Amino acid sequence: PPVLIDNRCYIRAPFHEPNPDIEFNILLKPKMAFGTAHHETTATVIALMLDEDMVGHKVLDMGCGTGVLGIYACHMGAEWVLGVDNDQWAYENALENIRRNGTTAMDVRLGDVNVLQEEKFDMILANITRNTLVRDMSVYTKHLIEQGRMIISGILAEDVQYVLNEAYQCGLKHISTGEESNWISLTFIKQGNLDPKA
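To keep things clear, this report deals only with the structure shown in the data block. The model shown is predicted, which means the values in this text are computed figures rather than measured ones.

Concerning the pattern of salt bridges
Proximity of charged atoms lets side chains of opposite charge pair with each other.
Then step 1. Under the definition given, this model contains six salt bridges.
Then step 2. Here Arg149 makes a salt bridge to Glu52, at a shortest N to O gap of 3.3 Å. Linking Arg149 in strand S8 (residues 144-156) with Glu52 in the loop between helix H1 (40-49) and strand S4 (58-62), this pair joins segments that are 97 residues apart in sequence.
Then step 3. Residue class for Arg149 comes out partly exposed when judged on its relative accessible area of 28%.
Then step 4. For Glu52, a relative accessible area of 13% translates into the label buried.

Details of the sheet that holds strand S3 (residues 24-27)
Then step 1. Strand order in the open sheet formed by three strands is S1-S2-S3, with mixed pairing between adjacent strands. Taken across any chain shown, the strands that pair with only one partner, and hence form the sheet edges, are strand S1 (3-5) and S3. Averaged over all neighbouring strand pairs, the angle between strand axes comes to 15°, with direction disregarded.
Then step 2. Across three bridges, S1 lies against strand S2 (residues 9-12) in antiparallel orientation. Of the residues in S2, the one forming a bridge with Leu4 is Tyr10.

Some words on the state of the cysteines
Then step 1. With the rule as written, the count across this model stands at zero disulfides.
Then step 2. Not part of a disulfide, Cys9 finds its nearest cysteine sulfur in Cys74, a span of 13 Å.
Then step 3. This cysteine, Cys64, is not joined by any disulfide, and Cys74 carries the nearest cysteine sulfur, 12 Å off.

Points about the nonpolar core
Then step 1. In terms of nonpolar packing, the biggest core is built from 32 residues, with Ile11, Met49 and Tyr72 touching the most fellow members.
Then step 2. Per-element accounting of this core gives the leading share, six residues, to helix H2 (residues 68-75).
Then step 3. If you look at the next biggest cluster of nonpolar residues, it comprises 27 residues, including Ile124, Leu133, Tyr140 and Ala167.

Let's talk about helix H4 (residues 130-142)
Then step 1. Here H4 spans 19 Å end to end across 13 residues, near enough to the 18 Å set by a 1.5 Å rise per residue.
Then step 2. Within the span of H4, buried status applies to Thr132, Leu133, Val134, Asp136, Met137, Tyr140 and Thr141.
Then step 3. Buried residues along H4 sit against S4, strand S7 (121-127), S8, helix H5 (160-169), strand S9 (172-180) and strand S10 (183-190).

Thresholds applied
- Residues numbered from 1 in each chain as written.
- Predicted model: local features only at pLDDT ≥ 70, side-chain atom pairs only at ≥ 80, totals over all residues.
- Heavy atoms only, no water.
- Salt bridge = Lys/Arg side-chain N within 4 Å of Asp/Glu carboxyl O.
- Helix = DSSP H or I, 4+ residues; strand = E, 2+ residues; numbered from the N terminus.
- Buried < 20%, exposed > 50% of the residue type's maximum accessible area, 1.4 Å probe, protein only.
- Pairing = 2+ DSSP bridges.
- Axes fitted to C-alpha atoms, helices over the stretch in contact; angles between N-to-C directions.
- Disulfide = S-S within 2.5 Å.
- Core = buried A, V, L, I, M, F, W, Y, C linked by side-chain atoms within 4.5 Å.
- Expected span 1.5 Å × (residues − 1).
- Contact = heavy atoms within 4.5 Å.

The quantities given are spatial measurements derived from coordinates; they are silent on function.
Next up, the structure:
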């Protein structure tokens, strides 16, 4: 079935009818790639994105899967989105979905954090596994502008503190949380070296 998030974002497959009454319509054919918004992690990231101003921003979508988060960022007015995924199926599927949605402001690279160059981003989205998030958090932070936002997901409730500790070490301040069925999404702002108790 199609997915409707907060009555503002409607995500559908080619065999579903569009919903012109909804603000954002995204067309996905997921194939083998992750990210249809049926999973709680994708849905909670999209819900958190609704609270963000994307207009004119440069956005990084790490572990982009189908490309759904990056495509959505484009719909919200992002100037440029870079999707990155280390899975060949996901890379090809994201390119197809970008074409399907006419999302000309989004590019995709095959690989991991090592394919990032000197780019700086206003926002970073990362819906990956806990271990990858913790391992690569410092790299994400390096590519995030001061006062930039980061939304991460793929975290079970029992692992949240583990991820928060690494985020604090990287100078990120936790500002909001999304939760659904024991899956957690977190929004951070980059503020340099912070005291995590502040």
